[in-house]
Amino acid sequence: MLELERLCEVCSSFFARGYAFGSTGNISIRIGDEVWITPTGGSLRKLAPTAIACIDMQGGARNEAKASKEYPFHLAAYQSAGAKANAIVHLHSTYAVALSCLDGLDEHQPLPVVTPYYLMRVAPVAVVPYFRPGSTELAGAIGEAARGHNTILLRNHGLVCLGSSLEEAVDRTEEFEETAKLYFLLRGEKLRCLTADQQAEIGRVFGRK
Ligand SMILES: [Zn+2]
């Protein structure tokens with residue numbers, strides 16, 4: 001299936017560029033009433049389409065491959081987001097995780113609006129409290145956040161991005177990671193953020209997700 005080949009390409013691209021490392025990260029796509037998700041316990045470095053697990057919306061296996069242990073939050077997010085989400089990227093990328101570990105993080109606006117691209121592709125961001133990876137509490141919190149957000153930062157853990165397509169979820173993830181990187185590069189500097197008018201103009205011209 002072409003979609004699975006594309007999914008495998010995205011995984012190895014994230015690994016090659018250091019967004020994913022070790023056996024961290026999981027990515028899924030929804031096709032009809034099935035979710036195809038990267039397998040448990042392996043690296044995203046070099047996956048074959050036959051290694052991608054297929055599950056139904058209740059988590060029941062539809063093929064031999066074993067789904068990522070984090071599959072419950074993928075299902076919860078798809079169920080909450082409805083038809084607007086067809087792909088989910090979850091990574092432990094360095095700058096997103098660094099941001100998620102900051103004490104005193106502004107949970108309503110974890111990143112300053114320093115570029116229009118952050119506003120177009122990423123914002124608004126939901127911040128979910130820390131819960132054990134793989135827990136039902138984490139799945140519940142992500143499901144709740146996915147009702148109104150496509151970008152979700154998990155405290156002390158990582159990033160979840162939803163997209164109407166795999167490409168959109170990938171773009172959103174990359175833009176978040178680069179904006180978080182900018183934030184750390186600029187920490188301590190006096191920031192020139194977009195004004196309220198400039199932000200409103202982006203909303204008018206490009207729309208907000
Ligand atoms: Zn994770």
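Our subject in this report is the structure included herewith. Since the model is a prediction, treat every value here as computed from it, not as a measurement.

Parameters and conventions
- Residues numbered from 1 in each chain as written.
- Predicted model: local features only at pLDDT ≥ 70, side-chain atom pairs only at ≥ 80, totals over all residues.
- Heavy atoms only, no water.
- Axes fitted to C-alpha atoms, helices over the stretch in contact; angles between N-to-C directions.
- Helix = DSSP H or I, 4+ residues; strand = E, 2+ residues; numbered from the N terminus.
- Parallel < 35°, antiparallel > 145°, perpendicular 65-115°, else oblique.
- Contact = heavy atoms within 4.5 Å.
- Expected span 1.5 Å × (residues − 1).
- Buried < 20%, exposed > 50% of the residue type's maximum accessible area, 1.4 Å probe, protein only.
- Arc of directions from axis to C-beta.
- Donors = N, O, S within 2.8 Å, 3.2 Å for Na, K, Ca; no water.
- Tetrahedral: all angles 85-135°; square planar, octahedral: opposite > 155°, others 65-115°.
- Pairing = 2+ DSSP bridges.
- 1 Å grid on protein atoms, 1.4 Å probe; cavity = no way out; pocket = protein on both sides within 12 Å on 5 of 7 lines; lining within 4 Å.
- Points joined across faces, edges and corners; volume = space filled by probe spheres on them.
- Nonpolar A, V, L, I, M, F, W, Y, C, P; charged D, E, K, R; others polar.
- Phe/Tyr/Trp six-rings, centres within 6.5 Å; stacked < 30°, edge-to-face > 60°.

## Notes on the packing of helix α1 (residues 2-16) against helix α6 (residues 166-186)
A pair of packed helices is characterised by two quantities: the angle between their axes and the separation of those axes.
Now for step 1: Where α1 contacts α6, the axes come no closer than 11 Å and their chain directions differ by 10°. With respect to α6, the axis of α1 lies roughly parallel. Two secondary-structure elements touch here, α1 through Arg6, Leu7, Val10 and Phe14 and α6 through Leu166, Glu167, Val170, Thr173 and Glu174.

## Observations regarding α1
Now for step 1: For α1, built from 15 residues, the straight-helix expectation of 21 Å at 1.5 Å per residue is met to within 8% by its first-to-last C-alpha distance of 21 Å.
Now for step 2: Every buried residue belonging to α1 is among Leu4, Leu7, Cys8, Val10, Cys11 and Phe14, and all of these are buried. Looking straight down α1, one finds its buried side chains confined to an arc of 160°; they lie on one side. Exposed residues on α1 whose side chains face more than 90 degrees from its buried face are Leu2 and Ala16.
Now for step 3: On the buried face of α1, the contacting elements are β1 (26-31), β2 (34-37), β4 (87-91) and α6.
Now for step 4: Gly18 occupies a position one or two residues after α1 and carries a positive phi of about 85°.

## What about the coordination of the zinc ion?
Now for step 1: Looking at the metal site, the zinc ion is ligated by Glu70 (OE), His90 (NE2), His92 (NE2) and His157 (NE2), spaced 2.0 to 2.5 Å from it.
Now for step 2: If you look at the zinc ion, its four donor atoms make angles of 87 to 131° with each other, and the shape they trace is tetrahedral.
Now for step 3: Within one chain, the residues donating to the zinc ion are spaced in sequence as E-x19-H-x1-H-x64-H. Separated by 65 residues along the polypeptide, His92 in the loop between β4 and α3 (94-100) and His157 in the loop between β6 (151-154) and β7 (158-163) bring together distant segments of the chain.

## Digging into the pairing of β2
Now for step 1: Sheet analysis places β1 next to β2, joined by four bridges and oriented antiparallel. Looking at the pairing, Ser28 lines up with Ile37 of β2.
Now for step 2: In textbook terms, the turn of a hairpin is the stretch between consecutive antiparallel strands, and for β1 and β2 this stretch comprises two residues, one of which, Gly32, has a positive phi near 65°.
Now for step 3: In this sheet, strand β3 (residues 53-56) lies alongside β2 in antiparallel orientation, the contact comprising four bridges. Each residue of the ladder has a partner; that of Ile37, found in β3, is Ala53.

## Details of the layout of surface pockets
Now for step 1: Here the largest pocket is characterised by a volume of approximately 180 Å³.
Now for step 2: Along the walls of the largest pocket sit 14 residues, with Ser23, Asn26, Gly41, Ser68 and Lys69 positioned nearest its centre.
Now for step 3: Of the residues assigned to the lining of the largest pocket, the class counts are two nonpolar, ten polar and two charged.

## Some details on the packing of aromatic side chains
Now for step 1: Taken as a whole, this structure holds three aromatic pairs when the rule is applied.
Now for step 2: Between Tyr95 and Phe184, the aromatic rings sit 6.2 Å apart at their centres with planes inclined by 45°, giving tilted as the arrangement. Here Tyr95 is found in helix α3, whereas its partner Phe184 is found in helix α6, with 89 residues between them in sequence.
Now for step 3: Between Tyr183 and Phe184, the aromatic rings sit 5.4 Å apart at their centres with planes inclined by 70°, giving edge-to-face as the arrangement.
Now for step 4: A relative accessible area of 22% means that Phe184 is categorised as partly exposed.
Now for step 5: A network of ring pairs unites the aromatic residues Tyr95, Tyr183 and Phe184 as a single cluster.

## Re unusual backbone geometry
Now for step 1: Along the chain, Ala123 connects to Pro124 via a cis peptide bond; the corresponding omega equals -5°.
Now for step 2: When you line up the elements, Pro124 lands in the loop between α4 (116-121) and β5 (125-128).
Now for step 3: The backbone of Asn156 shows a phi angle near 55°, a positive value even though the residue is not glycine.
Now for step 4: When its relative accessible area of 46% is taken as the criterion, Asn156 is described as partly exposed.

## Let's talk about the sheet that holds β1
Now for step 1: Pairing is mixed across the open sheet formed by seven strands, whose spatial order is β3-β2-β1-β4-β7-β6-β5. Looking at which strands have only one partner, the edges of the open sheet turn out to be β3 and β5. Along the sheet, successive strands turn relative to each other by an average axial angle of 20°, direction set aside.
Now for step 2: The sheet contact formed by β4 and β7 spans five bridges and is antiparallel. Residue pairing in the sheet places Val89 in a bridge with Cys161 of β7.
Now for step 3: Packed onto the sheet, helix α2 (residues 71-81) meets β1, β2, β3, β4 and β7 and runs at close to 40° relative to β1.
Now for step 4: Sitting on the sheet, helix α5 (residues 136-145) touches β5, β6 and β7, and the angle it makes with β5 is about 160°.

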